[in-house]
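Chain residues, written in single-letter form:
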Amino acid sequence: MAAKVDQEICIGCGACTGVCPVGAITLNDEGKAHVDADMCIDCGACVGVCPVGAITLE
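Basis of the calculations
Residues numbered from 1 in each chain as written. Predicted model: local features only at pLDDT ≥ 70, side-chain atom pairs only at ≥ 80, totals over all residues. Heavy atoms only, no water. Helix = DSSP H or I, 4+ residues; strand = E, 2+ residues; numbered from the N terminus. Rg over C-alpha atoms; globule rule 2.2 N^0.38 Å. Buried < 20%, exposed > 50% of the residue type's maximum accessible area, 1.4 Å probe, protein only. Contact = heavy atoms within 4.5 Å. Areas by Shrake-Rupley, 256 points an atom, 1.4 Å probe, with all protein chains shown as cover.

Asks: Explain the overall build of the protein to me, using residue names and the numbers behind them.
Replies: Secondary structure summary: the protein contains two helices and four strands in total. Listed by position from the N terminus, the elements making up the protein come as β-α-β-β-α-β. The C-alpha atoms of the protein give a radius of gyration of 10 Å, which matches the 10 Å a tight globule of 58 residues would have. For the C-alpha atoms alone, the extent of the protein along its principal axes is close to 25 × 20 × 20 Å. Buried positions account for 29% of the 58 residues belonging to the protein. The long-range share in the protein, meaning contacts at least 24 apart out of those at least 6 apart in sequence, stands at 53%. Surface accessibility of the protein: about 3400 Å² in total, with carbon and sulfur atoms responsible for 53%.

Geometric descriptors of this kind do not, in isolation, establish any biological role.
Given below as structure tokens:
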């Protein structure tokens, strides 16, 4: 399981990058959030902080 970002919904605010305890989320070249599934620990912190609901745990 890992966090997944819906690229069509993501507004690139960066809130998730600041809350991820392991640094698994970065902003890609398009300014959208990207999750490194190998680093993600499935804590769900990013899900709770995303203002537009673009992140889910799958």
